[in-house]
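So you can see what is in the structure, the chains are spelled out below.
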Amino acid sequence: MTTAAGKSLIGTRKPHLADSSFRVSLYVAGAVVVVVLASILLIMFMGGRQAFETFGLGFVWSTEWNPVTSVYGALPAITGTLITAFTAILIAWPIGFGIAFFLTEICPLSLRAPLGIAIELLAAIPSIVYGMWGFFVLAPFMADNVQPWLTELFAWLPPVGDSFFWFSAPPLGVGLMTASLVLAVMILPFIAATSRDVMLSTPQLLKDGAYAMGATRWETLTGVVIPAVRGSLFGAVFLGLGRALGETMAIVFVIGNATRMPDSLFAPSASIASVVANNFPEAEPGSIQLAVLLGLGFILFVVSFGVLALARLLLRQERMA
Amino acid sequence: MKTLAPHTKARHFRRQAIDMFMSGLCIAAAGIGLIMLALILWMLFSKGAAGLSLDVFTKPMSSTGTGGGLANAIVGSLIQVGIGSMIGAPLGMMVGVYLSEVGKNSRFASIVRFVNDILLSAPSVLIGLFVYQVAVAPFGSFSGIAGALALALLAMPVVARTTEDILRLVPQAYRDGAIALGSRENEVVRKVILPAAFGGILTGILLAVARIAGETAPLIFTSLGNTNWSTDLTKPMASLPIAIYRYAGSPSADLIQLAWTGALLITVGVLMLNVVSRISLAAMRRG
Amino acid sequence: MSRMETIAPPRPQVSASARVESGSVKVRARAVSVFYGEKQALFDVSLDMPEKSVSALIGPSGCGKSTFLRSINRMNDTIPGCRVTGEIAIDGDNINDKSVDPVLLRAQVGMVFQKPNPFPKSIFDNVAYGVRLHGLAESKRDLDQIVETSLIKAGLWDEVKDRLSASGMSLSGGQQQRLVIARAIAINPEIILMDEPCSALDPIATAKIEELIDELKTNFCIIIVTHSMAQAARVSQQTAFFHLGKLIEFGPTEQVFTNPRDTRTQDYITGRFG
């Protein structure tokens with residue numbers, strides 16, 4: 001075979017330099033992503049090894065955190081992280097879900113796009129702004145109005161064991177509950193926007209089928225839409241949970257920064273992220289303090305990785321279907 | 001039409017009542033959520049705007065606790081976000097091109113896509129700690145470049161994700177057409193695909209810039225903050241988020257006011273970037 | 001569908017059943033117009049469709065036939081910005097009256113869509129969906145009975161009776177469409193609307209559905225939108241031809257296909273446009 005210029009095409013099939021270097025550079029970029037994640041994990045683990053070696057498993061299970069005697073147990077920070085993140089989800093999920101249903105089925109058409117965009121924009125506001133709001137507005141409000149009232153209202157609740165008294169605590173304003181509320185407000189637009197996207201992804205034909213059978217809006221949502229996208233809806237919530245677990249700036253002002261086991265939902269406490277941010281200035285390179293912080297970072301990374309991986313798998317599963 | 005059996009009528013009434021009640025709850029949820037968020041924004045604007053003056057933009061931060069502005073923090077933020085974007089955006093673009101044009105559904109591409117999605121929402125405080133360990137501790141000094149590096153790592157997954165999404169919108173016919181004309185793979189991407197998706201990729205970069213501009217936690221561990229003028233990349237460098245963080249916790253009313261003003265500046269900047277990118281994205285979807 | 005099919009002569013019909021003035025009018029439309037925002041999609045459509053027979057709505061894409069169909073069970077209400085004027089009466093009752101609840105109306109008017117849309121539930125639960133919704137079964141046994149009868153009527157029972165708990169999505173396209181028909185007839189409607197029910201099916205599955213339609217017409221008023229003129233000729237007793245949002249011609253199928261009054265109808269059925 002010859003081309004018009006009389007040059008044979010046979011034997012010209014060899015790797016073209018521009019093409020192969022193009023491919024290689026793209027593969028390298030893809031590899032960078034994986035390498036970054038792996039190095040974060042490795043660096044955290046290596047850096048925190050001293051903490052794991054010094055305190056053993058007690059590092060994860062011990063409730064004692066005492067910088068004076070250099071005894072560090074991560075359980076208070078882990079507890080604070082889990083309580084704030086889950087309480088925040090418990091508050092933000094139903095409201096965010098309600099907003100999503102409102103935006104997809106109830107809201108007048110002319111308002112859907114602007115309200116939807118407003119929600120998405122709110123999700124983009126830097127978390128430190130939510131932190132400032134929590135510190136300057138929510139915390140005083142909690143101390144003066146909410147906390148005394150709730151303490152009285154739930155005075156009858158028996159304590160859990162002999163150390164956890166639910167809502168009884170001095171009205172400081174800062175603590176687990178305030179931190180949870182700030183987190184809830186911060187992830188609310190995020191959960192609402194993701195849930196709305198998921199609900200919108202339900203085929204119109206499926207919804208039409210339910211409406212044509214004489215289902216109401218709510219029955220269409222619960223009977224057809226939710227079963228069709230259940231996994232993705234959970235994915236959206238887990239994505240929100242992932243955010244709440246690792247959030248630093250929104251709660252560092254309002255959680256109270258007391259690294260001890262909380263004795264009530266209003267107790268000043270700490271989360272892994274807040275402990276890391278607060279104790280970092282005193283942690284010298286090479287010190288046990290820094291190793292402890294990196295060890296905490298490793299724990300946070302493992303937990304968030306699990307939650308985020310689950311979220312992505314749930315979200316992806318439906319995207320394929 | 002058929003007349004209905006009485007029990008069906010009662011049932012129908014109950015169903016309608018449930019529908020109305022649940023819809024009412026959802027409307028209430030939307031109302032509460034939106035009012036709450038509107039109040040936060042309103043407070044930010046009223047408190048922040050009260051402190052707006054020329055001094056904010058011309059004077060550096062004060063080390064004495066009174067007076068001063070945010071000029072060095074603004075410049076520091078611009079430098080770090082700028083460098084962070086210049087590193088993170090091309091890298092993210094390449095990842096996006098890899099996922100959409102080369103890797104597609106291969107095993108390695110699936111892993112890269114999954115890991116990228118994880119990085120997209122990984123706690124930023126950990127990215128800060130990580131960069132501290134690799135780019136601050138070994139050199140013995142907090143530095144602007146370390147801050148930029150942390151921001152680059154946060155920008156990369158955002159750009160990668162949007163680039164892949166946008167490239168998938170480019171019609172397959174463009175690729176087929178270019179290949180049929182005898183273009184090489186790299187020419188197809190460089191001369192056909194990327195130009196066709198240019199606007200969308202730019203939008204993704206804007207969104208990434210908006211995302212990293214407000215990041216505070218990673219900078220605590222990397223560029224640390226600086227009350228003095230410094231544009232030396234190897235030294236600690238000021239930034240708006242860090243200035244807000246330090247000032248909001250201070251006892252001085254002047255500094256708290258500056259924190260609000262700084263928060264307003266950042267929020268307005270981030271929201272504007274979002275609005276611009278959304279408008280251009282919407283225009284592209286129509287076009 | 002090839003143009004050749006359009007030449008196939010319609011089956012001979014007992015013309016009495018096609019007489020629309022015979023007093024057995026099930027659905028009566030008067031001056032029905034539909035607007036999507038500012039755009040008018042349907043103009044002053046008036047026609048009477050008799051009970052216990054099949055009425056076909058034909059015409060080129062975008063002619064308004066589906067829009068008209070969707071106004072008979074007020075599905076257009078679910079489209080934001082859509083407005084319907086004029087009167088549509090079922091057994092003499094205007095369904096657009098304020099006192100009529102669309103949810104109850106749709107319980108009496110079944111609908112089958114272009115593509116099969118089984119819910120993400122088991123075969124049994126798909127058929128039981130409307131029955132449970134409207135509380136039509138008095139006991140579990142009653143429900144089982146309704147599900148079985150509906151599946152038998154839809155000609156699907158023998159194929160699925162051993163796997164009623166399998167997902168409705170696991171069936172083939174033609175089976176899914178019959179499942180959806182079973183779901184619609186389970187709530188015992190009087191009217192069944194079909195919006196191009198065979199457009200996503202292969203010829204064998206299409207033949208089965210057409211056979212089913214023929215059986216169902218002994219009990220139901222069936223209104224079917226179809227792209228295939230051969231199908232309209234095969235299954236319907238009266239045919240309405242729509243063009244550009246207007247009703248051009250309506251009459252017994254045999255007459256519309258063999259002796260159309262309007263030249264546009266003639267052009268369409270002979271394949272000159274559409």
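These numbers were taken from a predicted model, which means no experiment stands behind them.

**Brief notes about the overall build of chain B**
- Secondary structure assignment for chain B yields 11 helices and 0 strands.
- Helices and strands in chain B line up, N terminus first, as α-α-α-α-α-α-α-α-α-α-α.
- Scaling as 2.2 N^0.38, a compact globule of 287 residues should have a C-alpha radius of gyration of about 19 Å, whereas chain B reaches 25 Å, well beyond that.
- C-alpha extents for chain B along the principal axes are approximately 85 × 60 × 35 Å.
- Among the 287 residues that make up chain B, the fraction classed as buried is 50%.
- Restricting the contact set of chain B to residue pairs at least 6 apart, pairs at least 24 apart contribute 75%.

**A closer look at the overall build of chain A**
- Along the backbone of chain A there are 10 helices and 2 strands.
- Counting from the amino terminus, chain A carries its helices and strands in the arrangement α-α-β-β-α-α-α-α-α-α-α-α.
- Taken against the 2.2 N^0.38 rule, which gives 20 Å for 321 residues, the C-alpha radius of gyration of chain A at 26 Å runs more than 25% over that of a compact globule.
- With respect to the three principal axes, the spread of C-alpha positions in chain A is 90 × 65 × 35 Å.
- A buried classification covers 53% of the 321 residues belonging to chain A.

**Some words on the environment of Ala-123 of chain A**
Residue and element names in this part refer to chain A.
- Within the fold, Ala-123 resides in the loop between α4 (109–122) and α5 (127–153).
- For Ala-123, a count of 19 C-beta atoms within 10 Å puts it in the partly exposed group.
- Distance from Ala-123 to Phe-190, taken between C-alpha atoms, is 5.2 Å for residues 67 residues apart in sequence.
- With residues up to four places along the chain from it excluded, the contact list for Ala-123 reads Pro-189, Phe-190 and Ala-193.

**Some words on the nonpolar core**
Residues and elements named next belong to chain A.
- Ranked by internal contacts, the top residues of the largest apolar core, which has 278 residues, are Val-182 and Leu-183.
- Examining the composition of this core, we find that 17 residues originate from one element, helix α6 (residues 176–200), more than from any other.
- For Val-182, the residues in contact, after removing those within four places along its chain, are Tyr-130, Gly-131, Gly-134, Leu-138, Ala-250, Ile-251 and Val-254.

**Concerning the interface of chain C and chain A**
- Listed by partner, the interface residues are 21 residues for chain C and 15 residues for chain A.
- Those elements giving two or more residues to the side of chain C that touches chain A turn out to be α2 (102–108) and α3 (123–134) of chain C.
- For the side of chain C that touches chain A, the per-class residue count stands at 11 nonpolar, 6 polar and 4 charged.

**Digging into unusual backbone geometry**
- If you check the backbone angles, Lys-104 of chain B has positive phi at about 50 degrees while not being a glycine.
- The topology assignment puts Lys-104 of chain B in the loop between α3 (71–103) and α4 (107–120).
- Residue classification places Lys-104 of chain B among the exposed positions, given that 11 C-beta atoms sit within 10 Å.
- Despite not being glycine, Leu-244 of chain C has its phi angle at roughly 50 degrees, a positive value.
- Following the sequence through the fold, Leu-244 of chain C ends up in the loop between β9 (238–243) and β10 (246–252).
- Residue classification places Leu-244 of chain C among the partly exposed residues on the basis of 13 C-beta atoms within 10 Å.

**A short note on the interface of chain A and chain B**
- Tallying the contact residues gives 66 residues for chain A and 67 residues for chain B.
- The biggest single contributor to the side of chain A that touches chain B is helix α1 (residues 17–55) of chain A, with 18 residues.
- Here the side of chain A that touches chain B is composed, by residue class, of 49 nonpolar, 11 polar and 6 charged.

**Focus: helix α6 (residues 144–169) of chain B**
All names here are of chain B.
- Its 26 residues give α6 an end-to-end C-alpha distance of 37 Å, which sits within 8% of 38 Å, the value for a rise of 1.5 Å per residue.
- Most pronounced at Ala-155, the bend in α6 amounts to some 25 degrees, and the proline Pro-157 follows within four residues.
- Taken across its 26 residues, α6 has 23 buried, putting it largely inside the fold.

**Notes on the confidence of the model for chain B**
- Residues with a pLDDT of 70 or more make up 96% of chain B, whose mean pLDDT is 91.
- We note a pTM of 0.88 for the whole complex and an ipTM of 0.92 for its interfaces.

**A word on the domain arrangement of chain B**
All names here are of chain B.
- When cut into domains, chain B gives domain 1 (1–50) and domain 2 (54–286).
- Between the C-alpha centres of domain 1 and domain 2 the distance comes to 38 Å.
- Taken together, the 6 residues of domain 1 in the interface contact 6 residues of domain 2.
- Its residues assigned to classes, the side of domain 1 that touches domain 2 comprises 4 nonpolar, 1 polar and 1 charged.

**Quick look at the packing of α5 of chain A against helix α10 (residues 240–248) of chain B**
- Between α5 of chain A and α10 of chain B, the least distance of the axes is 11 Å, while the angle of their chain directions is 10 degrees. In this view, α5 of chain A runs roughly parallel relative to α10 of chain B, as classed from their interaxial angle. Every residue of α10 of chain B that contacts α5 of chain A at Ile-128, Met-132 and Phe-135 of chain A is listed here: Pro-241, Ile-244, Tyr-245 and Ala-248 of chain B.
- Classifying every residue of the contact of α5 of chain A with α10 of chain B gives 7 nonpolar, no polar and no charged.

Rules used throughout
- Residues numbered from 1 in each chain as written.
- Chains lettered and ligands numbered in written order.
- Predicted model: local features only at pLDDT ≥ 70, side-chain atom pairs only at ≥ 80, totals over all residues.
- Helix = DSSP H or I, 4+ residues; strand = E, 2+ residues; numbered from the N terminus.
- Rg over C-alpha atoms; globule rule 2.2 N^0.38 Å.
- Buried ≥ 20, exposed ≤ 12 C-beta atoms within 10 Å, placed from the backbone.
- Contact = placed C-beta atoms within 7 Å.
- Core = buried A, V, L, I, M, F, W, Y, C linked by C-beta atoms within 7 Å.
- Nonpolar A, V, L, I, M, F, W, Y, C, P; charged D, E, K, R; others polar.
- Expected span 1.5 Å × (residues − 1).
- Bend = angle between axes of the 7 residues up to and from the residue.
- pLDDT = per-residue confidence, 0-100.
- Domains from an automatic or database assignment.
- Axes fitted to C-alpha atoms, helices over the stretch in contact; angles between N-to-C directions.
- Parallel < 35°, antiparallel > 145°, perpendicular 65-115°, else oblique.

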